[in-house]
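Listed below are the residues making up each chain.
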Amino acid sequence: MTCAQILPEVRNRPEQQEEEMIKAGIIGATGYAGAELVRLLTGHKEVEIKWYGSRSYVDQKYASVYQNLFQIVDDACMDDNMEELAGQVDVIFTATPQGFCASMLNDTVLAKAKIVDLSADFRIKQVPVYEKWYGIEHKSPQYIEEAVYGLCEINREDVKRARLVANPGCYTTCSILTAYPLIKEGMIDPDSLIIDAKSGTSGAGRGARVPNLYCEVNENIKAYGVAGHRHTPEIEEQLGYAAGREILVNFTPHLVPMNRGILVTEYAKLLPVKRADGQESLPTYEEIRAVYDRYYAKEKFVRVLEKGVCPETKWVEGSNYVDINFVIDERTGRIIMMGALDNLVKGAAGQAVQNMNLMFGLPESEGLDLVPMFP
């Protein structure tokens, strides 16, 4: 009996994984996130890639699209037939535009393979919100409630039991993890949260569009999606769970002329803490640091930096790490929180592999022990 013939629940058993490699298929393998998935899974000792799906490059050698994989990947690209693929693999990664996974997903597929969807199709629980912000009809709303939001540091136990994971995006992962502990502990006013975010150009995808041309991006920085970026409701929904109520945030992304990286700078009003003598005062550095350490000290991929050290994208590039720190502005009674990650790794493919590891009972860091690249 092959691994593909075993039901997803049975495949979770560690003893099964000792006998056979996990068979993986990637739809959208020639986009930037898909290519990063190929790079990571090629070095994963428990995974064999069986399907390199790409509508644009069917029958073309994968290594001819990404020459860095010459003599490493010999397979040709295949189409994006999810039902056919599900019969050959244990897990499917969909690194595709919004709407694709939702349009292809059905009970037959989910009975054969687990799904890690890197699009936004199953991240937002309210269908009208998804349809408003993404401007498309949701084709399989019946699976939204079942889908697990795959931010491992927050939803680890749910991910372990999931057959459908909504892999968070880069802006959202960085924005949420940076503020989550303080919102969860009631140390900041979530409705005062302002998120200023910067992204490298790979976050815009590989498609040929004028705004992404070298001359348009180089020597330039620009805001976009101001007061209307589609990641806003995802951030609000997830941080709203932490706050225990609905919240509204200001989220403004910017495009900067570098290949990889996300940097967020978040501003919020600190809430006073009641002291033993009955008086109230703002939390100290030590109290806030203790909260971050309580949430993240045991998290391999979240690094809370030493006091006074600001996160930088160059120190996480090529890795699955998120670097976080904060500064208290005593003059204004606000806190400035900062986070940095690689948008293609922890912000996309690395997080997808981290989710897959949890879904199949593997060590969470398998295939992700990547030292950040520098220079």
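Details of the structure are given in the entry above.
This write-up is about the structure you can find in this document.

Calculation rules
- Residues numbered from 1 in each chain as written.
- Predicted model: local features only at pLDDT ≥ 70, side-chain atom pairs only at ≥ 80, totals over all residues.
- Heavy atoms only, no water.
- Helix = DSSP H or I, 4+ residues; strand = E, 2+ residues; numbered from the N terminus.
- Rg over C-alpha atoms; globule rule 2.2 N^0.38 Å.
- Contact = heavy atoms within 4.5 Å.
- Areas by Shrake-Rupley, 256 points an atom, 1.4 Å probe, with all protein chains shown as cover.
- Lys, Arg positive; Asp, Glu negative; His and termini not counted.
- Charge placed at Lys NZ, Arg CZ, Asp CG, Glu CD.
- 1 Å grid on protein atoms, 1.4 Å probe; cavity = no way out; pocket = protein on both sides within 12 Å on 5 of 7 lines; lining within 4 Å.
- Points joined across faces, edges and corners; volume = space filled by probe spheres on them.
- Nonpolar A, V, L, I, M, F, W, Y, C, P; charged D, E, K, R; others polar.
- Core = buried A, V, L, I, M, F, W, Y, C linked by side-chain atoms within 4.5 Å.
- Buried < 20%, exposed > 50% of the residue type's maximum accessible area, 1.4 Å probe, protein only.
- Phe/Tyr/Trp six-rings, centres within 6.5 Å; stacked < 30°, edge-to-face > 60°.
- Lys NZ or Arg CZ within 6 Å of the ring centre and 35° of its normal.
- Disulfide = S-S within 2.5 Å.
- Pairing = 2+ DSSP bridges.
- Axes fitted to C-alpha atoms, helices over the stretch in contact; angles between N-to-C directions.
- Parallel < 35°, antiparallel > 145°, perpendicular 65-115°, else oblique.
- Left-handed = near helix turned anticlockwise from the far one by under 90°.

This part takes up the overall build of the protein. The helix and strand inventory of the protein stands at 14 helices and 15 strands. Relative to the globule expectation of 21 Å for 375 residues, the C-alpha radius of gyration of the protein, 21 Å, shows essentially globular dimensions. Taking the principal axes of the C-alpha coordinates as reference, the protein spans close to 70 × 50 × 40 Å. For the protein, restricting intrachain contacts to residue pairs at least 6 apart in sequence, the fraction spanning at least 24 positions comes to 69%. By element, 51% of the accessible surface of the protein is carried by carbon and sulfur atoms, the whole surface being about 16600 Å². Counting 39 positive and 53 negative side-chain charges, the protein places the centres of these two groups 2 Å from one another.

This part takes up the layout of surface pockets. By volume, the second largest pocket amounts to about 460 Å³. The wall of the second largest pocket is formed by 20 residues, among which Tyr32, Thr201, Ser202, Asn259 and Leu344 lie closest to the centre. If you list the elements that add at least two residues to the lining of the second largest pocket, you get helix H3 (32-42) and helix H11 (214-217). In terms of residue count, H3 provides more of the lining of the second largest pocket than any other element does, 4 residues in total. Partitioned by chemical class, the residues of the lining of the second largest pocket number 10 nonpolar, 7 polar and 3 charged.

So, on to the nonpolar core. By size, the foremost hydrophobic cluster in this structure holds 45 residues, and its most contacted members are Leu37, Val38, Leu41, Tyr62, Phe93 and Leu118. Broken down by element, the residue count for this core peaks at 8 residues, all from helix H14 (residues 345-359). Ignoring sequence-local partners within four residues, the contact set of Leu37 consists of Ile26, Phe93, Leu118, Ala349, Ala352 and Val353. If you look at the next biggest cluster of nonpolar residues, it comprises 39 residues, including Tyr180, Ile183, Leu193 and Ile335.

Moving on, we come to the packing of aromatic side chains. What the rule picks out here adds up to 10 aromatic pairs. With centroids separated by 5.1 Å and ring planes inclined at 40°, the aromatic side chains of Tyr52 and Tyr62 adopt a geometry described as tilted. With Tyr52 in strand S2 (residues 47-53) and Tyr62 in helix H4 (residues 62-65), this pair connects stretches of sequence that are 10 residues apart. The buried category is assigned to Tyr52, whose relative accessible area is 5%. Ring centres of Tyr130 and Tyr134 lie 5.2 Å apart, and the angle between their planes is 25°; on these two criteria the pair is classed as stacked. You can see Tyr130 and its partner Tyr134 sitting in helix H8 (residues 127-134), 4 residues apart, about one turn around the helix. Exposure class is identical for Tyr130 and Tyr134. Each is buried. The positively charged end of Lys307 is found above the aromatic ring belonging to Tyr285, 4.5 Å away from the centroid.

Let us now look at the state of the cysteines. The full count for this structure, using the stated rule, is 0 disulfides. With no disulfide of its own, Cys77 has Cys101 as its nearest cysteine by sulfur position, at a separation of 19 Å. Under the relative-accessibility criterion, Cys77 is labelled buried at 1%. Counting only cysteine sulfurs, Cys174 is the nearest neighbor of Cys310, a cysteine outside any disulfide, at a range of 13 Å. Overall, Cys310 belongs to the partly exposed group, its relative accessible area being 40%.

With that settled, consider the sheet that holds S2. Within the open sheet, the 6 strands sit side by side as S2-S1-S3-S4-S6-S5. Their pairing is parallel. Of all strands in the sheet, those bounded by a partner on one side alone are S2 and strand S5 (148-149). Judged from the 4 bridges that link them, strand S3 (residues 91-94) and strand S4 (residues 114-117) form a sheet pairing that is parallel. Pairing of Thr94 across the sheet is with Asp117, part of S4.

The next subject is helix H9 (residues 152-160). Those residues of H9 lying buried are Cys152, Glu153, Asn155, Arg156 and Val159. Lining the buried residues of H9 we find S5, strand S6 (164-166), helix H10 (170-184), helix H12 (232-243), strand S13 (302-304) and H14.

Side chains of strand S7 (residues 194-199) alternate between two faces, with Ile195, Ala197 and Ser199 buried and Ile194, Asp196 and Lys198 left unburied. Sheet topology note: the S7/strand S9 (residues 250-255) ladder contains 6 bridges and is parallel. Paired with Ala197 across the two strands is Pro253, which belongs to S9. Pairing geometry for S7 and strand S10 (residues 262-269), over 6 bridges, is antiparallel.

It is worth spelling out the packing of H10 against H12 at this point. In the contact formed by H10 and H12, the axes pass within 9 Å of each other and the chain directions differ by 20°. On the basis of the axis angle, H10 is roughly parallel to H12. Crossing geometry of H10 relative to H12 is assigned as right-handed. On H12, the residues that touch Thr172, Ser175, Ile176, Tyr180, Ile183 and Lys184 of H10 are Glu234, Ile235, Gln238, Leu239, Ala242 and Ala243.

With that out of the way, let us pick up unusual backbone geometry. Along the chain, Phe374 connects to Pro375 via a cis peptide bond; the corresponding omega equals -5°. Note on placement: Pro375 falls in the segment after H14. Phi is positive for Asp59, close to 75°, though the residue is something other than glycine. With respect to the secondary-structure elements, Asp59 resides in the loop between S2 and H4. Even without being glycine, Gln71 reaches a positive phi, approximately 65°.

Coordinates in, geometry out; function isn't part of it.
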